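This is what each chain is made of:
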Amino acid sequence: MHNPAMTIKPAGRPGAAGADETRDERALARGWTGEKGPASWGLGDGQAVPWEYAPAPEARDLARIRPRYGLFINNREVEATGGETFVDIDPSTEQPLAEIARATAADVDRGVRAARTAFGRRWGNLPGRERAKYLFRIARILQERSREFAVLESIDSGKPIRESRDVDVPLAASHFWYYAGWADKLDYAFPGRAARPLGVAGQIIPWNFPLLMLAWKIAPALAAGNTVVLKPASTTPLSALLFAEVCREADLPPGVVNIITGPGEVGTALVRHRGVDKIAFTGSTAVGIQIARNVAGSDKALTLELGGKAANIVFDDAPLDQAIEGIVNGIYFNQGEVCCAGSRLLVQESIQDELIERLKDRLATIRVGDPLDKNTDVGAINSRAQLEKITELVAAGQAEGAELYQPACDLPDRGYFFRPTLFTNVAQSHRIAREEIFGPVLSVLTFRTPSEAVEKANNTAYGLSAGIWTEKGSRILHMVQKMKAGVVWANTFNRFDPTSPFGGYKESGYGREGGLHGLLAYVRLDDD
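Keep in mind that this is a model prediction, so the values were computed, not measured. (Residues numbered from 1 in each chain as written. Predicted model: local features only at pLDDT ≥ 70, side-chain atom pairs only at ≥ 80, totals over all residues. Heavy atoms only, no water.)

S.K.: Pulling in residues and values, what's your account of the layout of surface pockets?
M.R.: When its volume is computed, the largest pocket comes out at roughly 670 Å³. Looking at side-chain class alone, the lining of the largest pocket contains 14 nonpolar, 15 polar and five charged residues. (1 Å grid on protein atoms, 1.4 Å probe; cavity = no way out; pocket = protein on both sides within 12 Å on 5 of 7 lines; lining within 4 Å. Points joined across faces, edges and corners; volume = space filled by probe spheres on them. Nonpolar A, V, L, I, M, F, W, Y, C, P; charged D, E, K, R; others polar.)

S.K.: Help me get a handle on the sheet that holds strand β4 (residues 85-90), residues and values and all.
M.R.: Reading across from one edge, β1-β5-β4 is the order of the three strands in this open sheet, with mixed pairing throughout. Whereas interior strands pair on both sides, the edge strands pair on one side only; in this sheet they are β1 (68-69) and β4. Bridging between β4 and strand β5 (residues 95-101) involves six bridges; their strand directions are antiparallel. If you follow T85 over to β5, its bridge partner there is A101. (Pairing = 2+ DSSP bridges. Helix = DSSP H or I, 4+ residues; strand = E, 2+ residues; numbered from the N terminus.)

S.K.: Let's hear about unusual backbone geometry: which residues, and what values?
M.R.: Backbone geometry places Q335, a non-glycine residue, at a positive phi of 60 degrees. Locating Q335 in the fold gives a position in the loop between α11 (320-332) and β13 (344-348). The class for Q335 is buried, based on a relative accessible area of 0%. Phi is positive for N491, which is not a glycine, with a value near 55 degrees. By the element assignment, N491 lies in the loop between β19 (487-490) and β20 (505-506). Of the residues examined, N491 reaches a relative accessible area of 22% and is grouped as partly exposed. (Buried < 20%, exposed > 50% of the residue type's maximum accessible area, 1.4 Å probe, protein only.)

S.K.: An account of the packing of aromatic side chains is requested, with residue identities and associated values reported.
M.R.: According to the stated counting rule, one finds twelve aromatic pairs in the structure shown. One aromatic cluster in this structure is built from W216, W489, F493, F496 and F502. Sitting over the face of the ring of Y522, K278 holds its NZ or CZ atom 3.9 Å from the ring centroid. (Phe/Tyr/Trp six-rings, centres within 6.5 Å; stacked < 30°, edge-to-face > 60°. Lys NZ or Arg CZ within 6 Å of the ring centre and 35° of its normal.)

Next comes the structure, spelled out in structure tokens:
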């Protein structure tokens, strides 16, 4: 996701060590004098640059977190039939946030039955213009409560508040606005075909973008006339449970949206339930493969948005300042916990040294810390298990001979934090070049010709996204035709819009979310 808050900052501030003698010399060449600013800054002769940031924490109490949450079925909060709960943890402090109801197969059945009843009795036959009113209400409420949602999202997932505030919540509301506009236009969306809702949609979302992935799935499903049973990730259930309040506030009919919480077994029960007509899943490739096997042989519709190992390709004529920001946004946004993250940087050999040095300068300015501090660029890793995975793969990269660079920075004493990491001298056979790390780790490879760049970029089991940096429009068009990726960005990265479809190929899944293609995934087309 594009991070407008990750702006260019001057390199070399205290506490961001990693600025060696070579970079000091480059700083002087740019008009700097140690820690003194250029004369154009108007600080006066000998005046030190005020590098230190004052803490700017968002108010934590904006998110009213209750001690215990139940399931959301038929517009009511209910206890799980087994009476069991699990604890949701704040990844930035390792402290418990709340007890969450642990659903059982019986609870999944309750949710599906509620959704089926709502679909048959009202929602499935409700005129599109009436469904649109509900989606408009939801979008408006999300905007009205945006600050609350942003704080809760950062507390629960560990992502910086600027990303939650400026990206996640606005995009979530935009998806409901967009699909509200389609709800009464289904007869015109697919010329010559009549669009009919599928029925009950089972939806399983990941922990990296809890609210946004909820919007990607629920908005088109409701616009098309389906009802929903949604399972959020067990490490980030709070924004989905707050969304339950939005459904009630919008007077959404009972049973149209149901939210069940729990571990992976709950998602498996949802996938296997015979009352579900459609499964939509975003998550790991391994789980996606299991879901495809469970659905095989049934008449369930299925869309899968899985992992990625995107190549960010920089040619020698690229605007380097812009490319550096795109590289940083591509891999360090949301701590690198992004399925389409530009985790492989392919640099043309002639500019490799300059780009790497400038990238190291830029990494020295990235601030790692409290997700609720508005100065923070990289927040907390979502869970201990994910932190251990990142640590293990970084160690594997070093063991296989890649050269590691990490800017020195003080990490918080508590919480799951990891320094922004850059690997050079990476071979395509290295694990860090092949496996999805899902963390703030960038692997750099080089190429000489466009054909070599294409070959290396496509040398992966994934096919979700890619980026191309060059000033030649003809080269962009040539590369796009050759890339085996669902989305290819040109001179930017991680740009999303509700009107544009997103999805992958190969082990990155199939089906699309967003745009008219995302609506197609929730309808059955009949001849007029």
